[in-house]
Amino acid sequence: MKTTSRLMRTALALTLLGTATLGQSEQEFAANADLSTAPRVTIDRPKPTFMLMQRDKRIHGLKPFQDLVDKAEPGSVLKPPPGVYAGPVTIDKPLTIDGGGQVTIDAGDKGTVMILNAANSVLRGLHLTGSGDSHDTDDSCLDVRGHDNLVEDIVADNCLFGIDLKQVSNSTVRRNKISSKDLELGVRGDGLRLWYSHDNLIEGNEIIDSRDMVAWYSHRNRFVDNLGRRSRYSIHFMFANDNIVDRNRFYDNAVGVYFMYTEGGAATNNIISHATGATGMGIGFKEASGTLIENNEIIYCGIGIGSDLSPFQPDSTIEVRNNRLAYNGIGIQFNSETGGNNMRSNVFEGNLTQVAYGGRSDNQAKNYWEGNYWDDYQGFDRNGDGVGDGTHELYSWADQIWIELPMARFFRSSPVLELLDFLERLAPFSAPDLILRDEKPLFFKPERRALS
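Remember, predicted model here, so these are calculated numbers, not experimental data.

**So, the overall build of the chain**
Here is step 1 of the chain: Tallying secondary structure elements over the chain gives five helices and 38 strands in all.
Here is step 2 of the chain: Split into buried and exposed, the 452 residues of the chain put 51% on the buried side.
Here is step 3 of the chain: Sequence-distant contacts, at least 24 apart, represent 54% of the contacts inside the chain between residues at least 6 apart.
Here is step 4 of the chain: Of the accessible surface of the chain, which amounts to about 21,400 Å², a share of 54% is contributed by carbon and sulfur atoms.

Set out below in structure tokens:
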């Protein structure tokens, strides 16, 4: 009986997976599946229903926007008269709704303002505001639950979550302005969230005073020309592979871009500035593999690039090249170092600590350094080829104190620690740890094209 039952469960699993092979992991199957033709699965908690009397009095007497949606024919274009309308709104058929920047939909501080539960639709030029504040029901300005949609020029404010995409593929989210409710950072909702959503374009959005922009289990999305300010994570990837982050500007956030349990992907041509505080980090990795970090400006951050057990997959690498890491507390910090990081042609200037290990490591030689510019390089270029005559080697002296004891960072650059560092270099009590060796350090700082 037990054998028969096990065989029946196996047959049922294979039937449900369809094209999945026996050797595929769940993550691989999700990455390869064509969700645009797959049947949708209800994954949301039921949204509560609120009577008009439970909503803020400011929307009492307003015309419900749902009436206009219900009267519109599937596939038609709805251009509502300018004005303020009452939410909530549920769209269950393909529609183009163009508010022309003159239409506001207000849910009166309860529930979710608008739900797009259809494919091949366009939402444009709307102001969505006044969601509830419940994390249990993910109260948001806009829930998107269909493929091949376009959401552009939306202003989403006074909402817990901004725009929430679940099981959405081949869609575009463009030129939207998103901000959260005026709450403490940790209890705000995410400005933009992707969950099991693949092959989408996230372009030209402004996400300000929110919590995070996140992509969970979402592959091959492109995040281009977005602005993020005063939030926690500008972008946080988790189990999300082959996503591209290009030409974005992230200021005054706790963390710029974080790759967590990911494979592939790239962060290129971004400006990440003032990621400060106890967890301040420009770009971070946690058990990530196969990522390209190229031509970014990472400045005035607590840690420019932070790496924890990355690359994680055997025989994979992380390529860090042509970036400028300037005026950070630590330019690059490795924790639980495994090697496999290749650093080429980067500029290191003005960092309090250029490179550090979170603890002692015997694997520094497994990382590769070549052709980087170091503002503390002590050497010459006698033949004028632009490459330093001698190897640039970085050792850990007194700075090992605040690496192993973070509280001591408060006293960094103080006269006592400066004297201790001088004495360590003059007559070391023990052999210092070798942090890195760059065989071909650049002698002159290369000119960089301004990123805008």
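**Overview of the nonpolar core**
Here is step 1 of the chain: Counting residues in hydrophobic clusters, the biggest one holds 71 residues, and the most contacted among them are Phe65 and Ile283.
Here is step 2 of the chain: Every residue in contact with Ile283, bar those within four places of it in the chain, is listed here: Val257, Phe259, Ala267, Ile272, Ile293, Asn296, Ile298, Gly304, Ile305 and Gly306.
Here is step 3 of the chain: One finds Ala254, Met281, Ile330 and Ala356 within the second-largest nonpolar core, a separate group that totals nine residues.

**Some points on the pattern of salt bridges**
Here is step 1 of the chain: Taken as a whole and assessed by the stated rule, the structure comprises 35 salt bridges.
Here is step 2 of the chain: For Lys286, the salt bridge is made with Glu287, and the minimal N-O distance between the two is 3.6 Å.
Here is step 3 of the chain: Glu349 is the salt-bridge partner of Arg324, the closest N and O atoms lying 2.7 Å from each other. Remark: Glu349 occurs in strand β33 (residues 347-349) and Arg324 occurs in strand β30 (residues 324-326); sequence separation between them is 25 residues. This pair shows no difference in class: Arg324 is buried, exactly as Glu349 is.
Here is step 4 of the chain: Here the salt bridges share partners, and the residues they tie into one network are Lys47, Asp138, Asp143, Arg145, Asp164, Lys166 and Arg193.

**Considerations on the pairing of strand β34 (residues 353-357)**
Here is step 1 of the chain: In terms of residue burial, β34 counts as a mostly covered element, since five of its five residues are buried.
Here is step 2 of the chain: As defined by bridge partners, strand β31 (residues 330-335) adjoins β34 across four bridges and the pair is classed as parallel. Its bridge partner lying in β34, Ile330 is registered against Thr353.

**Some thoughts on the packing of aromatic side chains**
Here is step 1 of the chain: In total, this model carries 16 aromatic pairs according to the counting rule given.
Here is step 2 of the chain: Ring centres 5.0 Å apart and planes at 90 degrees place the aromatic pair Phe443 and Phe444 in the edge-to-face group.
Here is step 3 of the chain: Taken together through their ring pairs, the aromatic side chains of Trp195, Tyr196, Tyr217, Phe239 and Tyr261 make up a single cluster.

**Section: the pairing of strand β13 (residues 192-195)**
Put simply, side chains in a regular strand alternate between the two faces of the sheet.
Here is step 1 of the chain: The sheet contact formed by strand β10 (residues 161-166) and β13 spans four bridges and is parallel. The partner of Leu165 across the bridge, within β13, is Leu194.

**Section: the state of the cysteines**
Here is step 1 of the chain: One pass over the structure, following the stated rule, counts one disulfide.
Here is step 2 of the chain: Here Cys141 connects covalently by a disulfide to Cys159, the sulfurs 1.9 Å from one another. Taking the torsion about the sulfur-sulfur bond, which here is approximately 85 degrees, the covalent link between Cys141 and Cys159 counts as right-handed. Highlighted residues: Cys141 in strand β7 (residues 140-144) and Cys159 in strand β9 (residues 155-159), separated in sequence by 18 residues. The same class applies to Cys141 and to Cys159, which are both buried.

**Some thoughts on the sheet that holds strand β16 (residues 212-216)**
Here is step 1 of the chain: Taking strand neighbours across the sheet as the criterion, the twelve strands line up as β3-β5-β7-β10-β13-β16-β19-β22-β25-β28-β31-β34 in an open arrangement whose pairing is parallel. The open sheet has two free edges, formed respectively by β3 (89-91) and β34, since each of these has just one partner strand. Adjacent strand axes in the sheet meet at a mean angle of 10 degrees, parallel and antiparallel pairs treated alike.
Here is step 2 of the chain: Of the strand pairs in this sheet, β3 and strand β5 (residues 114-116) are connected by three bridges, and their pairing is parallel. Among the inter-strand pairings, Ile91 is bridged to a residue of β5, identified as Leu116.

**A closer look at the environment of Glu206**
Here is step 1 of the chain: You can see Glu206 is positioned in strand β15 (residues 206-208).
Here is step 2 of the chain: Owing to a relative accessible area of 29%, Glu206 belongs among the partly exposed residues under this scheme.

**Overview of the side chain of Asn342**
Here is step 1 of the chain: On the secondary structure map, Asn342 appears in strand β32 (residues 341-344).
Here is step 2 of the chain: With a relative accessible area of 13%, Asn342 lands in the buried category.
Here is step 3 of the chain: Leaving out residues up to four positions away in the same chain, Asn342 has contacts with Thr317, Ile318, Glu319, Val320 and Tyr368.

**Side note on the side chain of Ser234**
Here is step 1 of the chain: The topology assignment puts Ser234 in strand β19 (residues 233-238).
Here is step 2 of the chain: Ignoring any residue separated from it by four or fewer positions in sequence, one finds Ser234 in contact with Met213, Phe250, Asn253, Val255 and Gly256.

**Considerations on the confidence of the model for the chain**
Here is step 1 of the chain: Looking at the chain, pLDDT values average 84 and 80% of them are 70 or higher.
Here is step 2 of the chain: Here residues 1-27 is a poorly scored stretch, pLDDT under 50, and it has 13 contacts once near neighbours within four places are set aside; other chains count.

**Things to note about unusual backbone geometry**
Here is step 1 of the chain: Across the junction of Gly87 and Pro88, the peptide omega takes the value 5 degrees, indicating a cis bond.
Here is step 2 of the chain: Residue placement: Pro88 occurs in the loop between β2 (83-86) and β3.
Here is step 3 of the chain: Look at the link from Ser310 to Pro311: it is a cis peptide, with omega at 0 degrees.
Here is step 4 of the chain: For Tyr217, which is not glycine, the phi torsion reads 55 degrees and is therefore positive.
Here is step 5 of the chain: Structurally, Tyr217 is set in the loop between β16 and β17 (222-224).

**Notes on the environment of Leu434**
Here is step 1 of the chain: Positionally, Leu434 belongs in strand β38 (residues 433-438).
Here is step 2 of the chain: Counting along the chain gives 41 residues from Leu434 to Glu393, while the straight-line C-alpha distance between them is 7.4 Å.

**Digging into the environment of Thr391**
Here is step 1 of the chain: Counting through the fold element by element, Thr391 comes out in the loop between β36 (373-374) and β37 (392-396).
Here is step 2 of the chain: On the basis of relative accessibility, which here comes to 34%, the residue Thr391 falls in the partly exposed class.
Here is step 3 of the chain: For the pair Thr391 and Pro441, spaced 50 residues apart in sequence, the C-alpha separation works out to 6.9 Å.
Here is step 4 of the chain: The contact partners of Thr391, leaving out residues within four places of it in the chain, are Tyr377, Arg437, Asp438 and Glu439.
Here is step 5 of the chain: At a separation of 3.1 Å, a polar atom in the side chain of Thr391 contacts the side chain of Glu439.

Each value, and the rule that gives it
- Residues numbered from 1 in each chain as written.
- Predicted model: local features only at pLDDT ≥ 70, side-chain atom pairs only at ≥ 80, totals over all residues.
- Heavy atoms only, no water.
- Helix = DSSP H or I, 4+ residues; strand = E, 2+ residues; numbered from the N terminus.
- Buried < 20%, exposed > 50% of the residue type's maximum accessible area, 1.4 Å probe, protein only.
- Contact = heavy atoms within 4.5 Å.
- Areas by Shrake-Rupley, 256 points an atom, 1.4 Å probe, with all protein chains shown as cover.
- Core = buried A, V, L, I, M, F, W, Y, C linked by side-chain atoms within 4.5 Å.
- Salt bridge = Lys/Arg side-chain N within 4 Å of Asp/Glu carboxyl O.
- Pairing = 2+ DSSP bridges.
- Phe/Tyr/Trp six-rings, centres within 6.5 Å; stacked < 30°, edge-to-face > 60°.
- Disulfide = S-S within 2.5 Å.
- Axes fitted to C-alpha atoms, helices over the stretch in contact; angles between N-to-C directions.
- pLDDT = per-residue confidence, 0-100.
- Polar contact = N/O pair within 3.5 Å; in protein donor to acceptor, adjacent residues only side chain to side chain.

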